[in-house]
Amino acid sequence: MASVLILGAASDMAVAIARKFASEGYDIQLAARNIKRLDSLCSDIHIRSNVSCTAFEFDALNFQSHRNFLNNLPSIPDITICVFGYLGDNEIAREQWQEAERVIHTNYTGAVSVLNAISLIYAKEQRGTIVGISSVAGERGRQSNFMYGSAKAGFTAYLSGLRNRMFKENVHVVSVQPGFVYTRMTENLTLPPLLTAMPEDIANGIYNAVKSGKNVVYIKWFWRYIMLIIRNIPEFIFKKLKL
Ligand SMILES: NC(=O)c1ccc[n+]([C@@H]2O[C@H](COP(=O)([O-])OP(=O)(O)OC[C@H]3O[C@@H](n4cnc5c(N)ncnc54)[C@H](OP(=O)(O)O)[C@@H]3O)[C@@H](O)[C@H]2O)c1
């Protein structure tokens, strides 16, 4: 049976992704910092979808552990989905390096570290799919979240390059560019309902992208055009806007 590894598995999006792939018959490997929190999800997935569900400890910031983490999995997953991320507080991150470092290392360095490792395994096996959840925030730096946005910009560029590099190894790389999504990350923000997706929309979008071999997905189609407009606002106007 095909299997999927979900990195950052306690997040709302990850839970929806795990349920979607399980409902389509995939065995599920969940990886998160605190695996106790995954117990009830795992047994629920197993009972509902009759697939195997296992949980593993994983810390995106413990870069040195990533290769061992993958080598110690009972089986190499067919699909690896990198979901973890950290929004942080932009103003605190400007003032305190520890917060800036956490934003950069969670969204960029940690993701690159673990995806480098899995891509080497996939290259050897000449198969596999890698999905990275980046963000539209990476498409243009804005005053409200440019620490997070710049780390996601790096991650988006990394995924693009990885896709290009892995094509000849028969490995597919999907970049996911969500706009707003209702999750724990955004629970303190006021989001425009019409522009905001549910975690289940992300899960369905990722499943369809993997199945149809898509390269870049925005989930809600209009975000592609919103970002096209935002990217093209002249800098002398953009710098005066409060975005
Ligand atoms: N929500 C949005 O509007 C939105 C929009 C665009 C992109 N995204 C991206 O979507 C992804 C999922 O986010 P979400 O909205 O579902 O947010 P979330 O619920 O806050 O999930 C973030 C997850 O990342 C995990 N994480 C953070 N640091 C980690 C580390 N060092 N090691 C392992 N796991 C770590 C957290 O683990 P714990 O549970 O242990 O804290 C949490 O489960 C993120 O990459 C985010 O940047 C979100």
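In case you missed it, the structure is sitting above this.
Keep in mind the model is a prediction, meaning the values are calculated, not measured.

Caption draft 1: Up close: the environment of Pro199. Mapping Pro199 onto the fold places it in helix H7 (residues 199–212). Apart from residues lying up to four places away in sequence, Pro199 is in contact with Asp12, Met13, Ala16, Val181, Tyr182 and Thr183.

Caption draft 2: Local environment of the pattern of salt bridges. The full count for this structure, using the stated rule, is nine salt bridges. One salt bridge connects Arg48 with Asp44, and the closest N-O pair in it is separated by 3.0 Å. Remark: Asp44 and Arg48 occur in helix H2 (residues 39–49); sequence separation between them is four residues, near one turn of the helix. Arg48 sits in the exposed class, given a relative accessible area of 65%.

Caption draft 3: Local environment of the packing of aromatic side chains. Scanning the model with the defined rule gives nine aromatic pairs in all. Aromatic side chains Phe21 and Tyr26 sit 5.1 Å apart centroid to centroid with 80 degrees between the ring planes, which places their arrangement in the edge-to-face category. Tyr26 carries the same exposure label as Phe21, and that label is buried. An angle of 45 degrees between the planes, with centres 5.0 Å apart, marks the rings of Phe58 and Phe69 as tilted. Within this pair, whereas Phe58 is found in the loop between strand S3 (53–57) and helix H3 (66–71), its partner Phe69 is found in helix H3, the two being separated by 11 residues in sequence. The class of Phe69 is buried, set by a relative accessible area of 9%. Through successive ring pairs, a cluster of aromatic residues spans Phe21, Tyr26 and Tyr207. Positioned above the aromatic ring of Tyr207 is the side chain of Lys20, whose terminal nitrogen or guanidinium carbon lies 4.9 Å from the ring centre. Here the guanidinium or amino end of Arg102 rests over the ring plane of Tyr86, the centre of that ring lying 3.8 Å away.

Caption draft 4: Quick look at the site of the ligand. Not every one of the 27 residues close to the ligand is listed here, only the nearest: Arg33, Ala60, Val83, Tyr148 and Thr183. At a separation of 2.8 Å, an oxygen atom of the ligand approaches a polar backbone atom of Val83. In isolation the ligand has 890 Å² of accessible area, and contact with the protein removes 94% of it. When residues of the shell around the ligand are traced back to their parent elements, those giving at least two are helix H1 (12–23), helix H6 (146–166) and strand S7 (180–181).

Caption draft 5: How the structure looks around unusual backbone geometry. You will see that Asn50, though not glycine, has its phi angle at about 55 degrees, which is positive. A positive phi angle is found at Ile219, which is not glycine, with a value near 70 degrees. When its relative accessible area of 24% is taken as the criterion, Ile219 is described as partly exposed.

Caption draft 6: Structural context of the side chain of Asn90. Locating Asn90 in the fold gives a position in helix H4 (residues 90–95). The class for Asn90 is buried, based on a relative accessible area of 9%. Among the polar contacts made by the side chain of Asn90, one reaches the main-chain carbonyl oxygen of Gln143 at a distance of 3.2 Å.

Caption draft 7: Structural context of the pairing of strand S1 (residues 3–7). Among the five residues in S1, five count as buried, and that is most of the element. Neither face of S1 is open: one carries Ser3, Leu5 and Leu7, the other Val4 and Ile6, and all of them are buried. Here S1 runs beside strand S2 (residues 27–32); their pairing, made up of five bridges, is parallel. Within the sheet, the bridge partner assigned to Leu7 lies in S2 and is Ala31.

Caption draft 8: Expanded view of the environment of Asn232. In this structure, Asn232 sits in helix H8 (residues 222–232). Separated by 95 residues in sequence, Asn232 and Ala137 have C-alpha atoms that sit 15 Å apart. A distance of 2.7 Å separates a polar side-chain atom of Asn232 from the backbone oxygen of Leu228.

Definitions and limits used
- Residues numbered from 1 in each chain as written.
- Predicted model: local features only at pLDDT ≥ 70, side-chain atom pairs only at ≥ 80, totals over all residues.
- Heavy atoms only, no water.
- Helix = DSSP H or I, 4+ residues; strand = E, 2+ residues; numbered from the N terminus.
- Contact = heavy atoms within 4.5 Å.
- Salt bridge = Lys/Arg side-chain N within 4 Å of Asp/Glu carboxyl O.
- Buried < 20%, exposed > 50% of the residue type's maximum accessible area, 1.4 Å probe, protein only.
- Phe/Tyr/Trp six-rings, centres within 6.5 Å; stacked < 30°, edge-to-face > 60°.
- Lys NZ or Arg CZ within 6 Å of the ring centre and 35° of its normal.
- Near = heavy atom within 4 Å.
- Polar contact = N/O pair within 3.5 Å; in protein donor to acceptor, adjacent residues only side chain to side chain.
- Areas by Shrake-Rupley, 256 points an atom, 1.4 Å probe, with all protein chains shown as cover.
- Pairing = 2+ DSSP bridges.

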